[in-house]
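Fold and geometry: a report
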Amino acid sequence: MTIDEEPRCILCNGPSTDDNPLLELRGWIRTVLEQDGMAHYPCMARMANNAAFSKGDIPWDISQPHPALVSLVETKRIVPGRVFEPGPGLGHDVVYLASNGFKVTALDISKKAVSMLRKRVEKLGLDVDLIVGNVLRDSPTEGEFDYIFERSVLQTLPPTQRANYILRLAEMLKPTGEYIGIIRGPRIPMPESQPYAFTRYMIEQLLSTQFRNIEITRVPSGFNNSQSEYFLVIACRR
Ligand SMILES: C[S@@+](CC[C@H](N)C(=O)[O-])C[C@H]1O[C@@H](n2cnc3c(N)ncnc32)[C@H](O)[C@@H]1O
């Protein structure tokens, strides 16, 4: 095969490399981008999410902070401290945490999502650090955070990206820090593209490399009239 025949990312035209391989566009990403072919994971995540936020086609949005997060704050299971939230989207959880005394840093791969959230926090006069970036590469300073809070971000990551994601999150926490995630539970059949779904066993396997004392509890989905299974996962950094 000559150089010219090497497969290229259909979104950036770059080559496949060991640390940034080409993956097939599938599921939600393929539908949003209305394209077939191979692309780098960061290219597809950036472009699909920008398109979704620009069109206002945001199927995961529940228009409010997740009830399980509200309950953790109201019961003082978590208390004000530094929180890192990857993939905040429209930022209902960011706004809730910042309004309740937490110092929040949030990072999203979608420039559009960050610009919408920036306007929202400025209007509310909240002090939040917002970053446009890829959580797999552009994480803020290591070892600084009391909590990581994430909702529905793991479900967007292809299997090959997940171990690195969990490692990056663990590295950002203080030694005493905790991971808190709202994670999409199992579906029948289990999806092979975004949004992915997770059994308790899959969550334990994935997190146990970096975390201990993993508690997994079933929680409401947060969507009106939906009984679909979601888990609240809390774990301590190893
Ligand atoms: C399913 S949405 C969830 C949004 C929000 N947490 C919520 O529950 O409404 C996933 C979010 O993660 C962002 N995202 C996806 N991949 C990312 C990555 N590699 N780095 C940072 N953000 C990412 C998307 O732009 C999107 O805002």
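Residues numbered from 1 in each chain as written. Predicted model: local features only at pLDDT ≥ 70, side-chain atom pairs only at ≥ 80, totals over all residues. Heavy atoms only, no water.

All right, on to the site of the ligand then. Gly87, Asp108, Asn134, Val135 and Arg151 are the nearest of the 19 residues found near the ligand. Within the side chain of Asn134, a nitrogen or oxygen atom sits 2.8 Å from a nitrogen atom of the ligand. With respect to the ligand, the backbone of Arg151 contributes an N or O atom lying 2.8 Å from a nitrogen atom. Relative to its unbound accessible area of 590 Å², the ligand is 99% covered by the protein chains. Here the ligand occupies the largest pocket. When residues of the shell around the ligand are traced back to their parent elements, those giving at least two are helix H2 (41-55) and strand E4 (103-108). Among the elements that make up the shell around the ligand, the one with the highest residue count is H2 (three residues). (Near = heavy atom within 4 Å. Polar contact = N/O pair within 3.5 Å; in protein donor to acceptor, adjacent residues only side chain to side chain. Areas by Shrake-Rupley, 256 points an atom, 1.4 Å probe, with all protein chains shown as cover. 1 Å grid on protein atoms, 1.4 Å probe; cavity = no way out; pocket = protein on both sides within 12 Å on 5 of 7 lines; lining within 4 Å. Sits in = over half its atoms within 2 Å of the grid points. Helix = DSSP H or I, 4+ residues; strand = E, 2+ residues; numbered from the N terminus.)

It is the contact of H2 with helix H5 (residues 111-124), at a shortest axis distance of 7 Å, that shows an interaxial angle of 45°. It follows from the interaxial angle that H2 and H5 lie oblique. Residues Asn50, Phe53 and Ser54 of H2 touch H5, and the partners they reach there are Lys111, Lys112, Ala113 and Met116. (Axes fitted to C-alpha atoms, helices over the stretch in contact; angles between N-to-C directions. Parallel < 35°, antiparallel > 145°, perpendicular 65-115°, else oblique. Contact = heavy atoms within 4.5 Å.)

Let's shift gears to the domain arrangement of the chain. Looking at the assigned domains, one finds that the chain contains domain 1 (3-55) and domain 2 (67-237). The junction of domain 1 with domain 2 conceals about 1,300 Å² of combined surface from both sides, 63% of it contributed by carbon and sulfur atoms. The largest share of the area that domain 1 buries against domain 2 comes from Arg26, Tyr41 and Phe53, three residues that together contribute 47% of it. Taken together, domain 1 and domain 2 are joined by one salt bridge. Put simply, Arg26 and Glu192 hold a salt bridge, and the shortest N to O gap is 4.0 Å. Applying the counting rule to domain 1 against domain 2 returns five residue pairs in polar contact (both at pLDDT 80 or more). (Domains from an automatic or database assignment. Buried area = accessible area lost by both parts, 1.4 Å probe. Salt bridge = Lys/Arg side-chain N within 4 Å of Asp/Glu carboxyl O.)

This part takes up the packing of aromatic side chains. Enumeration over the complete set of coordinates arrives at six aromatic pairs. Taking the centre distance of 5.6 Å and the plane angle of 50° together, the rings of Tyr179 and Phe211 count as tilted. Of this pair, Tyr179 sits in strand E7 (residues 173-184) while Phe211 sits in strand E8 (residues 211-219), and the two are 32 residues apart along the sequence. Relative accessible area serves as the criterion here: at 0%, Tyr179 is assigned to the buried category. Ring pairs connect the aromatic residues Trp28, Phe53 and Trp60, which therefore count as one cluster. Taking the ring centre of Tyr196 as reference, the NZ or CZ of Arg162 above it sits at 4.7 Å. (Phe/Tyr/Trp six-rings, centres within 6.5 Å; stacked < 30°, edge-to-face > 60°. Buried < 20%, exposed > 50% of the residue type's maximum accessible area, 1.4 Å probe, protein only. Lys NZ or Arg CZ within 6 Å of the ring centre and 35° of its normal.)

All right, on to the layout of surface pockets then. Each pocket or cavity is described by its volume, and for the largest pocket that value is around 620 Å³. Forming the boundary of the largest pocket are 32 residues, of which Asn49, Trp60, Ser152, Val153 and Thr156 lie nearest the centre. Elements that contribute at least two residues to the lining of the largest pocket include exactly H2, helix H4 (92-99) and E4. Counting residues per element, the lining of the largest pocket draws most heavily on H2, which supplies four residues. Partitioned by chemical class, the residues of the lining of the largest pocket number 15 nonpolar, 11 polar and six charged. Split by domain, the lining of the largest pocket shows at least three residues from each of two domains, domain 1 (3-55) and domain 2 (67-237). In this structure, the second largest pocket spans a volume of roughly 230 Å³. (Points joined across faces, edges and corners; volume = space filled by probe spheres on them. Nonpolar A, V, L, I, M, F, W, Y, C, P; charged D, E, K, R; others polar.)

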